[in-house]
Each structure stands twice: as structure tokens, then as C-alpha cells.
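Chain and residue survey
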Amino acid sequence: MKRGVTSHPLFKGHPERIAIWLWLIDNAAWKETRHDVNGKTITVGRGSVCVSQRRLAEDVGVGYQVVRSLLARLQCDGMVRVTPTHGRTLITLCNYEKYQRPTGSGNAAPNAGATQGQRTKGQGDKETSVSEETAKAKDPSRQAFDLGVALLAQSGIDAGRARGLVGKWRRDHGDAALIAALGRAEREGAVEPVAFIEGILRKSGRAHDCTHFGAFGNIPEVAP
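The structure contained in this document is the topic of the report that follows.

This brings us to the overall build of the protein. Assigned secondary structure in the protein consists of 10 helices and 5 strands. Within the protein, the fraction of its 224 residues that count as buried is 38%. Residue pairs at least 24 apart in sequence account for 55% of intrachain contacts in the protein once pairs closer than 6 positions are excluded. For the protein, the accessible area works out to roughly 12,200 Å², and carbon and sulfur atoms hold 51% of it.

Shown next as C-alpha cells:
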């Protein structure tokens with residue numbers, strides 16, 4: 001964060017607004033991705049997030065009207081662009097690139113430094129996803145569940161169905177296999193994440209079974 005955020009005219013005395021702003025920076029795409037939104041495929045550019053305003057309010061723990069009014073103020077002040085799209089809101093952070101440079105200049109809004117994805121890519125250019133890197137620091141079972149639900153929710157799947165799918169995948173394939181599948185789906189920007197993840201898990205399971213019973217020896221991973 002950049003010093004001075006709490007004295008910014010929009011945020012001073014309004015911690016709930018700061019929480020919303022930090023959520024936007026934390027959830028903005030660090031690279032261009034494609035999402036299924038109510039049956040339509042849309043492109044979410046770097047520095048943007050596509051979410052329903054009610055979902056944003058629930059995640060932050062504030063009222064819907066608080067989110068709605070703050071987005072209007074942020075857009076009026078030139079800090080974000082807000083575009084309705086297929087029942088959701090595409091929110092673009094206008095100075096996103098400045099927030100990625102700790103020494104860069106800008107307004108008194110938070111400066112997040114390099115995103116997790118950028119830091120991971122910078123370490124020898126290893127193909128390690130945000131999901132896989134974050135999972136190392138948290139309980140695998142909880143991380144697999146949280147990452148799975150978040151990834152499915154981003155593609156337009158309602159929370160109830162997302163929790164059911166993730167629970168089934170964890171039960172049938174285990175946390176380690178699921179985290180690996182989620183990381184791959186995130187890296188490759190899977191447009192249909194359910195089919196993509198299930199394909200990886202099925203092939204991973206078949207390879208494990210064959211190796212276990214010694215039918216074909218060690219079988220390499222097969223790309224979906």
C-alpha cells in the first residue's frame with residue numbers, strides 16, 4: 001500500500017471504502033483472461049475484474065448500496081471505469097500499472113506492488129500459477145476448496161453449485177490433484193473450467209491407477 005490512503009478524500013473516515021478498493025486491486029486480472037459470463041464469453045483485460053456488485057459486497061462484508069455508491073464516486077473521479085456486461089459489472093482500474101510499481105507516482109490510493117502472479121513469474125520464469133504458489137502457504141484442504149470456489153465463481157457459476165463441484169472433486173481425487181488442476185485451469189485461462197478441470201482429474205486418476213497396478217509402468221501426464 002502507498003502511504004496516505006487513509007487520508008485520501010474518498011477514503012478518510014470510511015474503512016469500508018478502503019476494503020472495497022483493496023478488494024478491487026487484489027482481484028484485478030494481472031493478465032488478459034477470458035470468462036464465461038451467463039453463457040457469453042468475454043475478455044477481461046489486465047487491471048480489470050468482472051463481478052456482480054452484490055457478490056463484491058458479500059466478499060467484502062459491506063452493503064450493496066455502499067459498493068454501488070463508491071463505484072459511482074470512483075468513476076466520477078477517474079479512478080475506475082465501470083461497464084455493465086451480461087448481468088455483471090466490468091470494473092477497470094485506470095491507474096493499474098502505477099499500482100504495480102512500488103516507486104511509481106500516482107494518487108494516494110493503495111500501491112499493491114507486484115501482483116502474486118507477477119512475482120511468481122519473475123522467479124526464473126517458472127510456470128507456477130497464483131493458485132499453486134498460494135497453496136504452499138495454507139492448509140491444502142482449505143486452499144483447494146477456496147481456490148476452486150473462487151475460480152468457478154469467476155466463470156459465472158453460482159456459489160452453491162461451485163461448492164458442490166469442489167467438494168466432489170476433493171472427495172474423488174484429493175486435494176493435491178485438485179490444486180494442480182485448478183492451477184493449470186487458471187494458467188491456461190480455461191473458458192469452460194468445469195470440463196477442463198474434470199478432464200485433467202480423470203486423466204490424472206487413470207494414470208495413477210495404471211501405475212499403481214503395474215499394468216503399463218510409469219505413465220506420463222497427458223494434456224487434456
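As a further point, take the pairing of strand β2 (residues 40–44). Sheet topology note: the strand β1 (residues 33–37)/β2 ladder contains 5 bridges and is antiparallel. For T33, the partnering residue across the bridge sits in β2 and is V44. Counting the residues between successive antiparallel strands, the hairpin from β1 to β2 contains 2 residues, one of them, N38, with a positive phi of roughly 50°.

For the structure on display, the rule yields 1 aromatic pair. In this structure, R54 is placed above the aromatic ring of Y64, and the distance from its NZ or CZ to the ring centre is 4.0 Å.

Okay, the environment of V51 next. Within the secondary structure, V51 sits in strand β3 (residues 48–51). Separated by 102 residues in sequence, V51 and A153 place their C-alpha atoms 9.0 Å apart. Residues contacting V51, with those up to four places away along its chain left out, are W23, L56, R88, T89 and I91.

What follows covers the side chain of D36. As for its position among the elements, D36 is in strand β1. No salt bridge forms around the buried D36; measuring N to O, its nearest opposite-charge neighbour R88 is 7.2 Å away. Residue contacts for D36: discarding those within four places in its chain leaves Q154, S155, G156, V191 and E192.

Quick look at the environment of K40 now. As for its position among the elements, K40 is in strand β2. Looking at K40, the relative accessible area reads 46%, which means it is partly exposed. Setting aside residues up to four positions removed in sequence, K40 forms contacts with H35 and H86.

The next point concerns the packing of helix α8 (residues 159–173) against helix α9 (residues 175–187). Following both chains from N to C, one finds α8 and α9 inclined at 125°, their axes separated by 7 Å at the closest point. By the angle between their axes, α8 is oblique relative to α9. Within the contact between the two elements, α8 uses V166, W169, R170 and H173 and α9 uses D175, A177 and L178. Taken together, the residues that form the contact of α8 with α9 break down as 4 nonpolar, 1 polar and 2 charged.

Moving on to the nonpolar core. Counting 25 residues, the largest nonpolar core has F11, W21, L24, L56, L74, I91 and L93 as the members making the most contacts within it. Counting only elements with at least two residues in this core, the list comes to α1 (15–27), β3, α2 (53–60), α3 (64–76), β5 (88–93) and α4 (96–99). When residues in this core are grouped by element, the largest group, 6 residues, is from α1. Ranked by size, the runner-up nonpolar core spans 21 residues in total, among them A144, A162, L178 and F196.

Conventions used here
- Residues numbered from 1 in each chain as written.
- Predicted model: local features only at pLDDT ≥ 70, side-chain atom pairs only at ≥ 80, totals over all residues.
- Heavy atoms only, no water.
- Helix = DSSP H or I, 4+ residues; strand = E, 2+ residues; numbered from the N terminus.
- Buried < 20%, exposed > 50% of the residue type's maximum accessible area, 1.4 Å probe, protein only.
- Contact = heavy atoms within 4.5 Å.
- Areas by Shrake-Rupley, 256 points an atom, 1.4 Å probe, with all protein chains shown as cover.
- Pairing = 2+ DSSP bridges.
- Phe/Tyr/Trp six-rings, centres within 6.5 Å; stacked < 30°, edge-to-face > 60°.
- Lys NZ or Arg CZ within 6 Å of the ring centre and 35° of its normal.
- Lys, Arg positive; Asp, Glu negative; His and termini not counted.
- Salt bridge = Lys/Arg side-chain N within 4 Å of Asp/Glu carboxyl O.
- Axes fitted to C-alpha atoms, helices over the stretch in contact; angles between N-to-C directions.
- Parallel < 35°, antiparallel > 145°, perpendicular 65-115°, else oblique.
- Nonpolar A, V, L, I, M, F, W, Y, C, P; charged D, E, K, R; others polar.
- Core = buried A, V, L, I, M, F, W, Y, C linked by side-chain atoms within 4.5 Å.

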